[in-house]
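Fold and geometry: a report
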Amino acid sequence: MSDFNDIKKELRAFSYFLVNWKSNVKNADLLNRLDISNSQRKIDYSLQRSEPLIFQNIDIERHVIPQGIDKLCPDTERDFEVELTINLVQIDKYVEKNDPIISLGLSIKIEGEYEKEGEDIQNAICSWHLDKGVAEGAKYNHPVYHMNFGGDLMSDKIIEEENPNYFGKLLLLPSPRIMHPPMDIILACDFIIKNFYETDNHRELTTQPGYLELIRKAKNRYVKPYAYALVSNWESAFEVEKLNHSSIFGY
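No experiment lies behind these values; they were computed from the predicted model shown.

Cut-off values and rules
Position labels on residues start from 1 in each chain and follow its written sequence. Residue-level local features of this predicted model are given only where pLDDT is at least 70; pairs of side-chain atoms are given and counted only at 80 or more, and the full residue set underlies all totals for whole chains, interfaces and linings. With hydrogens and water excluded, all non-hydrogen atoms of the structure serve as input to the side-chain values. Each aromatic pair joins two rings of Phe, Tyr and Trp (for Trp, the six-membered one) with centres within 6.5 Å, and gets the label stacked for planes under 30 degrees apart, edge-to-face for over 60, and tilted for any other angle. The secondary structure listing takes helices from DSSP runs of H or I that are at least 4 residues long and strands from runs of E that are at least 2 residues long, numbered from the N terminus. Partly exposed residues are those whose accessible area sits between 20% and 50% of the maximum for their type, while under 20% is buried and over 50% is exposed, using a 1.4 Å probe and protein chains only. To form a nonpolar core, buried Ala, Val, Leu, Ile, Met, Phe, Trp, Tyr and Cys residues must be joined to one another through side-chain atoms within 4.5 Å. Contacts are assigned to residue pairs with any non-hydrogen atoms lying within 4.5 Å of each other. Helix axes are fitted to C-alpha atoms over the stretch in contact, other axes to C-alpha atoms as well, and angles between N-to-C directions run from 0 to 180 degrees. Throughout this entry, Asp, Glu, Lys and Arg are counted as charged residues, while Ala, Val, Leu, Ile, Met, Phe, Trp, Tyr, Cys and Pro are counted as nonpolar. The remaining residues, Gly among them, count as polar. Whenever a nitrogen or oxygen atom comes within 3.5 Å of another N or O atom, the pair is scored as a polar contact, on the condition that within protein one atom can donate a hydrogen and the other can accept it, and that pairs from neighbouring residues in sequence are kept only if both atoms are in side chains.

Attention now goes to the packing of aromatic side chains. Each aromatic ring pair is specified by the distance between its two centres and by the angle formed by the two planes. All told, the structure shown has eight aromatic pairs when counted by the stated rule. Considering the side-chain rings of F17 and Y211, the 6.0 Å spacing of their centres and the 90° angle between planes classify their relative orientation as edge-to-face. Placement of the pair is F17 in helix α1 (residues 4-19) and Y211 in helix α5 (residues 209-231), with a sequence separation of 194 residues. Its relative accessible area of 11% is what places F17 among the buried residues. Note on Y211: relative accessible area 0%, which makes it buried. Here Y166 and F167 contribute two aromatic rings whose centre-to-centre distance is 4.9 Å and whose plane-to-plane angle is 85°, an arrangement assigned as edge-to-face.

Here is the structure:
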């Protein structure tokens, strides 16, 4: 039996939680409008750069650089936002001990404007990218699921601004590619909520039984095979098809 209908229902249910979360997600209904394809035994969907899922009213930690950024500009229209884009293709049927993901590209961009007393308004941006790549034969260490800082969203900014020194003395490197469990839209949203909002500001949402059940289902579908493959180096009973301990570490 295909997972297609289950995934559609879970995304719609998750959209309900985002819509009702204190207006912190600008276009939460986007998950209801998501075009999910089911053909050739594959399920795929995407959030494109042209219409990302947008989280607003984020909390800025006091150790942020440039220093002096708080809630940024007094004008909330210039507040920082977190944008989520994703392309995911997976098999259409759950199989025990099998990595369901065929391809994955997920980007998280944080961008906005800030101002300090006596200075002009400044723009700041950073981004993270989670990929499913190929570990075997890679020129550099390449965990099959890896997260790295920067990526096209930041390098494109240099081209857009026609300024090779746009980021000052910041060095943008593809490395290190940090091993990280795969995430679908639901897990990616939970990742953003718990990393860019203070615990007191998201606890009301993230402790609701319905929310927790959707996270549990997503972890069971995507993270459980990853965890099994990680352990399989020591316990052969946890071996997973299409994923193994060595590829998780990138060697």
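Still more to cover.
Across soluble globular proteins, you tend to see nonpolar side chains buried next to one another. Judged by nonpolar contacts, the single largest core of 57 residues is most densely connected at F14, L18, Y45, L53, F55, L106 and I185. Those residues in contact with F55, other than ones at most four positions away along the chain, are W21, N24, V25, F80, E81, V82, C189, I192, I193 and Y197.

With that settled, the discussion passes to unusual backbone geometry. Cis geometry is found at the peptide bond from S175 to P176, where omega equals 0°. Mapped onto the elements, P176 comes out in the loop between α2 (152-161) and β8 (178-179). The phi dihedral of K22 is positive, around 50°, even though this residue is not glycine. Positionally, K22 belongs in the loop between α1 and β1 (37-39). Backbone geometry places K97, a non-glycine residue, at a positive phi of 55°. Within the fold, K97 resides in the loop between β4 (81-91) and β5 (101-114).

So, on to the packing of helix α3 (residues 185-196) against helix α4 (residues 199-206). Orientation of α3 relative to α4, taken along the N-to-C sense of each, is 145°, at an axis distance of 8 Å. From α3, D190, I193 and K194 reach across to α4, where they touch H202, L205 and T206. Looking at the contact of α3 with α4, its residues break down into two nonpolar, two polar and two charged.

Structurally, S107 can be placed in strand β5. Judged by its relative accessible area of 9%, S107 is buried. When the C-alpha positions of S107 and L30 are compared, they lie 17 Å apart, and in sequence the two are 77 residues distant. Discounting residues that sit within four places of it in the chain, S107 has contacts with E83, L84, T85, W128, H129 and L153. Engagement of the side chain of S107 in a polar contact is seen with the side chain of H129, the distance being 2.5 Å.

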